[in-house]
Structures are given as structure tokens and as C-alpha cells.
Amino acid sequence: MSRRAFVTGVGMIPFAKPGASAPYHEMGAQAARAALHDAGLSYDDIEQAYVGYVYGDSTCGQKALYPVGMTGIPIVNVNNNCSTGSTALFLARQAVASGAADCVLVLGFEQMSPGALASVFTDRPTPFDDFDAVTDRLVGKPEIPLALRYFGGAGLAHMEKYGTPLEAFAMIRAKASRHAVNNPLALFRKEVSTQDVMDAPVIWPGVMTRLMACPPTCGAAAAVLVSEEFAAKRGLKKDVFIAAQAMTTDRPSTFESNDMMRLVGYDMSREAAAKVYEQAGIGADDIDVVELHDCFAHNELITYEALGLCPEGGADKFIRDGDNTYGGKVVTNPSGGLLSKGHPLGATGLAQCFELTHQLRGSAGARQVEDARLALQHNLGLGGACVVTLYQRA
């Protein structure tokens, strides 16, 4: 029988630009200690740990956690591109739900380098070879870094299919900045207008300006998941639990549809969300607050539709009606999202968990979504994996 996994502790450190952060292991240890403190537990209480990061050697998880405690527990290192943090969360939730463990630590961190993402190993095929071949055929533009081609190409496909204006993406970035003003842990906290985003340096004429892309970021975040029985026995917080969760990977449509939106995970996102809604017996209209994967403003826009927050082709109206922010249908990325908060790859999924846990606790301060009861997390990793998690206030 599946057991509920309660989020009894969360921790996060301020995100920073590359070169301005502590080393990965120090960031990781700090976030882990913060989550343990929030839970009211010690490392000795932890039975298993799952640690996510993308850019690092094997067993970086041990390097980060050994200063926190050395108790001989299983430490599993996880790498699943940008969905790494939520993949670690997926594994930890399974451990609690299955009865394999009662108290599990999940940690994500990243120490990134400046500039566009690049492969570390250049002497072997990359996991992106098939994605690159489709992008070369559909988009071209070899002078533009690949991540920008992927997601900018997806945004361009939406523009061509539905007549979506460039301004819609600028409005998303401006919204992210308004939310981030109230997040002391975000990298960029300066509010920018839609016009500021439009006037930013052009990366891809007619498709993307610099402010529509998230910055490379360093940081760490963590969570402690426990069973209901363990929480009751120890007198721990059990105000937030994972009500449903699904992880998906690519299907043939990713490559066979000749659609850049599907190449970057639209179908994965739609399928994972549908599974979560079915598990929980709810619909997208029941969601109060969402943290979704806005690595580019373009991906936030197409993800509105993939998650069912608005009809296909309806994202521009959804944005213009203000249905993606306070006072609208569902507040998206109250943290400022990846666009303003930053995107340290391994930490992103746990940073989303941090934000949504506080939203459901009612402890998000100036970012608080009024009477939030159901919160949805969407974390996408090209190449590919998507994890969608539904949190519920107990």
C-alpha cells in the first residue's frame, strides 16, 4: 500500500552568479542543514539521501553531505539534466511511499560556469545528437547556442502556429521580475517592464531578447520527506504532503512530429500533468499556484498549454488577461521562476519544492498566494525527462 510522503522540512540558500558562490559542497551542506533545521531533525534521523547535480564528478553528493554527518546511510547521486532536482525528489518520495524508508533527505546543488551550457565530454556522442539533428533541420541558425535554438525554436513554432506575438514572451519575463522583487533568495530582484524586455539586446531577431533567457546560476536547495507515522511519532510538521507525482520521458513524437514544441518536451509535460491530475482526481482548474520550468519565457508560454492551465493556442490571451499572476486564475512562478530566481540545474526542482511548501504553509510573506491549497510543480529536463508533482495542504 502506498503511503503519503510529507514535506516536513525545506531549505534553500540565495542563488548567485557563477564565480560569486561558495563551492558546491559548501552550498549543498548549507541547504541540507537548513532543511534539517526546518524539520526539527538531525542528520542521524535520515535513513536515505538522494542528491542531484549535473556538472560534477561522481559522488559529489557524499562530498556535500559528509560535513553534515557520516552515518553510513545510502547516498544516491542523481543526474537528469534540468529535471535533476525533481528526479531526486521523485526517488525520495517513492522510498517513503513504498515503506523502504520513513525519513529521507533530498538535496540539489549546482556550481555553474558563465555562458551557455556546453558538453563536458567532447570525445563521444552526446545525448543531444538526435535533438540537434531535428533542430538543424527545422530551425537552422547554427550561430546561435543550442539551448536557445531549442527553446527559441519552440517559441517560434508557437508564434507561427497561433500568431503569438513576441510581446507575449516579454510580458512573461516582466511578470517574473515583479514576483522576484519579493523573493530575497532570487538572483535578479530588479523589476523590468515589458518594454524593457523588448528593448534588451537581441539574441535572435523576432524571436528572443537576452532577458527572455534564464541566467546560469549557482545555488542549492533541499527537502526532508517523512511518512505520516514517523511525523506523528516525532511530532513533526505534516501540513504539506505530495498528493500525486509523475515522471515521463520522450516518446517517438519528440522526433517524428517535426514540431519544435514537442522536441523540447511538450508531450512529456502534458502526459505527466495528465497522470497527476488523474491520480489526485482533480483538474487543472483546481490548482492555486504553480512553479513551472521557465528556462526561457518561451517554455513558460507553451507549458501553460501543456499543463492545461489554458487551451492550446490560448496562452497569449491567458497572459494578457493576467490569469498567470496574482488576481488571475493561477499564480505562476511566484518565486520569480528560473528567469529571475536563477537556474542552478540540480537545485531547481528542490527550489520549486521550497517555494510551494511555503506557499501551502502560508509562510511565503509578500509572495503569498491567498488561501493556497493545491500547488503544482513542473520541472523539465531536455534529453529528456519531466517530473510533475502535486502538493496539497493537509
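Position numbers for residues start from 1 in each chain and track the written sequence from start to end. Whole-chain, interface and lining totals are the exception, using all residues; otherwise, since this is a predicted model, local features are given only for residues with pLDDT of at least 70 and side-chain atom pairs are given and counted only at 80 or more. The side-chain figures draw on all heavy atoms in the structure; neither hydrogens nor water molecules are used.

In the nomenclature of an unreviewed UniProt entry, the protein corresponds to propanoyl-CoA C-acyltransferase from the organism Massilia agilis. UniProt positions are given in the numbering used here, feature names are shortened, and annotations may be inferred rather than shown by experiment. Its UniProt record, at the heading Subcellular location (unreviewed entry), says of the protein: "Peroxisome".

Caption draft 1: Focus on unusual backbone geometry. A cis amide bond links Gly-383 to the next residue, Gly-384, at an omega of -5 degrees. Runs of E in the DSSP output that reach at least two residues are strands. Runs of H or I that reach at least four are helices, and both are numbered from the N terminus. In this structure, Gly-384 sits in the loop between strand 11 (374–381) and strand 12 (385–393). A positive phi is found at Thr-59, a non-glycine position, where the angle reads about 65 degrees. For Thr-59, the position within the fold is in the loop between strand 2 (48–52) and helix 2 (60–65). Positive phi values are uncommon outside glycine, yet Asp-371 reaches one of about 55 degrees.

Caption draft 2: Representation of the UniProt feature "domain: Thiolase N-terminal" (unreviewed entry) in the protein. In this numbering, the UniProt entry assigns the feature "domain: Thiolase N-terminal" (unreviewed entry) to residues 11–113. Here residues 11–113 is 36% helix and 18% strand, with 23 Å between the C-alpha atoms at its ends.

Caption draft 3: Highlighting the pairing of strand 11. Burial classes follow relative accessibility: with a 1.4 Å probe on protein chains only, a residue under 20% of its type's maximum area counts as buried, one over 50% as exposed, and anything between as partly exposed. For strand 11, a buried count of eight out of eight residues is recorded, marking the element as mostly surrounded by other parts of the structure. As paired elements, strand 9 (residues 289–291) and strand 11 share three bridges and run parallel to each other. Considered in strand 11, the bridge of Val-290 is made with Leu-376. Only strands joined by at least two bridges in the DSSP assignment are considered to pair. When strand 11 meets strand 12, the two strands line up antiparallel, connected through eight bridges. Bridging from a neighbouring strand, Asn-379 pairs with Val-387 of strand 12. Between strand 11 and strand 12, which follow one another and run antiparallel, lie three residues, and Gly-383 among them has a positive phi close to 115 degrees.

Caption draft 4: Focus on the sheet that holds strand 7 (residues 219–227). Spatial strand order, 3-2-4-7-1-8-12-11-9-10: ten strands in an open sheet with mixed pairing. Strand pairing shows two members of the sheet lacking a second neighbour, strand 3 (75–78) and strand 10 (331–332), which therefore form its edges. Judged from the five bridges that link them, strand 2 and strand 4 (residues 103–110) form a sheet pairing that is parallel. Following the sheet pairing, Gly-52 is matched in strand 4 by Gly-108.

Caption draft 5: Expanded view of helix 1 (residues 24–39). Working rule for helices: expected span equals 1.5 Å times residues minus one. When the terminal C-alpha atoms of helix 1 are compared, their 23 Å separation across 16 residues agrees well with the 22 Å that a helix rising 1.5 Å per residue should span. Those residues of helix 1 not exposed but buried are Met-27, Gly-28, Ala-29, Ala-31, Ala-32, Ala-35, Leu-36 and Ala-39. Contacts were defined at the residue level, with two residues in contact if any of their heavy atoms lie within 4.5 Å. In this structure, the buried residues of helix 1 make contact with strand 1 (5–12), helix 2, strand 4 and strand 7. Looking one or two residues beyond helix 1, the residue adopting positive phi is Gly-40, at roughly 75 degrees.

Caption draft 6: Seen up close, the side chain of Glu-291. Structurally, Glu-291 is set in strand 9. When its relative accessible area of 1% is taken as the criterion, Glu-291 is described as buried.

Caption draft 7: How the structure looks around the packing of helix 6 (residues 166–180) against helix 12 (residues 297–306). Packing of helix 6 against helix 12 brings their axes to within 9 Å, and their N-to-C directions diverge by 100 degrees. One finds that helix 6 runs roughly perpendicular with respect to helix 12. Taken together, the residues of helix 12 that come into contact with helix 6 (itself represented by Ala-168, Phe-169, Ile-172 and Lys-175) are Ala-297, His-298, Glu-300, Leu-301 and Tyr-304. To get an axis, fit a line to the C-alpha atoms, keeping to the stretch in contact for a helix; angles then go from 0 to 180 degrees between the N-to-C directions. Any angle from 65 to 115 degrees is called roughly perpendicular, while one under 35 is roughly parallel, one over 145 is roughly antiparallel, and all others are oblique.

Caption draft 8: Spatial organisation of the nonpolar core. Put simply, buried Ala, Val, Leu, Ile, Met, Phe, Trp, Tyr and Cys residues joined by side-chain atoms within 4.5 Å make one nonpolar core. Residues Ile-287, Tyr-304, Leu-307 and Leu-376 are the most contacted members of the largest nonpolar core, which totals 64 residues. Judged by nonpolar contacts, the second largest core, of 38 residues, contains Ala-64, Val-68, Leu-105 and Ala-222.

Caption draft 9: Just the UniProt feature "domain: Thiolase C-terminal" (unreviewed entry) in the protein, in detail. In the numbering used here, UniProt assigns the feature "domain: Thiolase C-terminal" (unreviewed entry) to residues 260–383. From the first C-alpha to the last, residues 260–383 spans 13 Å; its make-up is 46% helix and 10% strand.

Caption draft 10: Representation of the side chain of Arg-173 in the model. Within the secondary structure layout, Arg-173 lies in helix 6. One buried charged side chain, Arg-173, makes no salt bridge at all; its nearest oppositely charged neighbour is Asp-294, positioned 7.6 Å away. Among residues more than four places away in sequence, those in contact with Arg-173 are Phe-188, Val-192, Val-197, Leu-211, Leu-339 and Ser-340. Charged residues are defined here as Lys and Arg on the positive side and Asp and Glu on the negative side; His and the ends of the chain fall outside this count. Any carboxyl oxygen of Asp or Glu that lies within 4 Å of a side-chain nitrogen of Lys or Arg is treated as forming a salt bridge with it.

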